[in-house]
Amino acid sequence: MLASIGHDIVKAAEILKGGGLVGIPTETVYGLAANGLDLAAVTKIFEAKNRPTFDPLILHVDSIIEAKKLTTQWCKTAQKLAEAFWPGPLTLVLPKSDIVSNLVTADNPTVAIRIPNNKIALDLLGLLPFPLAAPSANPFGYVSPTTAQHVADQLSDRIDYILDGGQCEVGLESTIVSIIDNKVTVLRLGGLSIDKIQEVLGQRVHESLSSHSNPMAPGQLNQHYSPACKVIPLEKVTGGEYRGWLFFSRASATQAIENLKATRGSYTLPDESKDKLYFLSETGDLSQAAQNLFALLRQFDKDHCETVFFEWAPDRGLGRAINDRLKRASAK
Ligand code: TXA
Ligand code: MG
């Protein structure tokens, strides 16, 4: 049976209590949720996503009180960041407590925790006596979903239900920060900019964003977030302000660049049947660009585009996270 898309939070809660899988909206991307304290249910997540078990999961809760139960070291820094940014696109990695299984943490001594900023997700968590383990609801390595339909497109035959919360507001995954022995390290760029974190802490934080064969955060694997189409960066060729153009072309790369130059950043193209220009944000707004990125990459695959060229975002704030995803999408 294919999972249906709906708005029934009580039904979702019953499925989760029974050990099933539910696609849930969050402000960042859709999650593939299961009872985070039930090993059999968590195992189903790895199977449905085709995800290697060395890649740990995030536990979602609806209060700081619940978060504290999952860690042995709720320090002042964790409290400060949680108060400033939860509910929101921030995941904290802290030493795990005994109730958290090694399956969830992939044998790491730490656990990733966050409170999502989405009413449906919070209402659902309110009905449950356990945290929700939820990775992004996409097959491993593919672009994360930002609508309920995206989840259905790829996983409806492997899960039980999908809660519809419309389009995700942020559109990029959470920023992941580890706090170990008071050392604060950013492990994944995401929907919360590092500047904001540093502002609240009043100090610079470390960054550990490179990929390894056994990465701290496998979301950092070079080829994560990869669509099927070829994604190629181009140095700015249209001139003008950043608008996040994505240029789909059936022409050769050299010809595509010529065509793109001819557009001078407008929609007018020599041959609309061969070339199409899209903007992540007409006004150059980075939040809007982030919100649109994954949906457009998925659309290109649906339209069987072979090659998509893109312009880099300005390397600041959310632009860094956008560039991180574009870099990985183009790593193939
Ligand atoms: O915005 C998000 O974070 C979304 C929504 C659904 O909450 N979730 C998400 O989950 O992006 P996922 O599984 O696709 O990415 C979680 C990342 C993985 O790269 C994983 O390696 C990292 O979090 N992670 C989880 N536990 C960790 C730990 N103990 N130490 C380091 N990294 C961890
Ligand atoms: Mg993911």
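Please refer to the structure placed before this passage.
Just so you know, these numbers come straight off a predicted model, no measurement behind them.

**Observations concerning the pairing of strand β9 (residues 175-180)**
β9 sits mainly inside the fold: 5 of its 6 residues count as buried. Pairing of β9 with strand β10 (residues 183-188), which is carried by 5 bridges, proceeds in the antiparallel orientation. Within β10, the position partnered with I179 by the bridge is V184. Between β9 and the antiparallel strand that follows it, β10, lie 2 residues; D181 among them carries a positive phi value of about 50°.

**Focus on the pattern of salt bridges**
Under the definition given, this model contains 12 salt bridges. Residue R325 pairs with E173 through a salt bridge whose shortest N-O separation is 2.8 Å. Taken together, the residues span a long stretch of sequence, with R325 in helix α11 (residues 318-329) and E173 in the loop between β8 (161-163) and β9 at a distance of 152 residues. The pair R325 / E173 is uniform in exposure class, with both members buried. The partner of E282 in a salt bridge is R243, with the nearest N and O atoms 2.8 Å apart. Of the two residues, E282 sits in the loop between β14 (275-279) and α10 (286-302) while R243 sits in the loop between β12 (230-233) and β13 (245-249), which places them 39 residues apart along the sequence. Residue class for E282 comes out partly exposed when judged on its relative accessible area of 40%. Look at R243 and you get partly exposed, because its relative accessible area is 23%. Residues joined in a network through salt bridges with shared partners are E173, D324, R325 and R328.

**Some details on the side chain of T71**
Tracing the backbone through its elements, the reader meets T71 in the loop between α3 (64-68) and α4 (76-85). At a separation of 3.0 Å, a polar atom in the side chain of T71 contacts the main-chain amide nitrogen of Q73. Looking at T71, its side chain comes within polar contact range of the main-chain oxygen of P95, at 2.7 Å. Setting aside anything within four residues of it in sequence, one finds T71 in contact with L94, P95, K96, S97 and I113.

**Details of the layout of surface pockets**
Approximately 570 Å³ is the volume found for the largest pocket. The wall of the largest pocket is formed by 40 residues, among which R51, P56, I58, I176 and R188 lie closest to the centre. Counting residues per element, the lining of the largest pocket draws most heavily on strand β6 (residues 110-114), at 4 residues. In terms of residue class, the lining of the largest pocket is made up of 19 nonpolar, 15 polar and 6 charged.

**Section: helix α2 (residues 39-49)**
Buried within α2 are the following residues: A41, V42, I45, F46, A48 and K49. Those residues of α2 that are buried lie in contact with β3 (31-35), α5 (102-105), β7 (132-133) and α7 (148-155). With a side-chain oxygen lying 3.0 Å from the backbone nitrogen of A40, the N-terminal cap of α2 falls on D38. Directly after α2, the chain includes N50, whose backbone phi takes a positive value near 60°.

So, how was this worked out
- Residues numbered from 1 in each chain as written.
- Chains lettered and ligands numbered in written order.
- Predicted model: local features only at pLDDT ≥ 70, side-chain atom pairs only at ≥ 80, totals over all residues.
- Heavy atoms only, no water.
- Buried < 20%, exposed > 50% of the residue type's maximum accessible area, 1.4 Å probe, protein only.
- Helix = DSSP H or I, 4+ residues; strand = E, 2+ residues; numbered from the N terminus.
- Pairing = 2+ DSSP bridges.
- Salt bridge = Lys/Arg side-chain N within 4 Å of Asp/Glu carboxyl O.
- Polar contact = N/O pair within 3.5 Å; in protein donor to acceptor, adjacent residues only side chain to side chain.
- Contact = heavy atoms within 4.5 Å.
- 1 Å grid on protein atoms, 1.4 Å probe; cavity = no way out; pocket = protein on both sides within 12 Å on 5 of 7 lines; lining within 4 Å.
- Points joined across faces, edges and corners; volume = space filled by probe spheres on them.
- Nonpolar A, V, L, I, M, F, W, Y, C, P; charged D, E, K, R; others polar.

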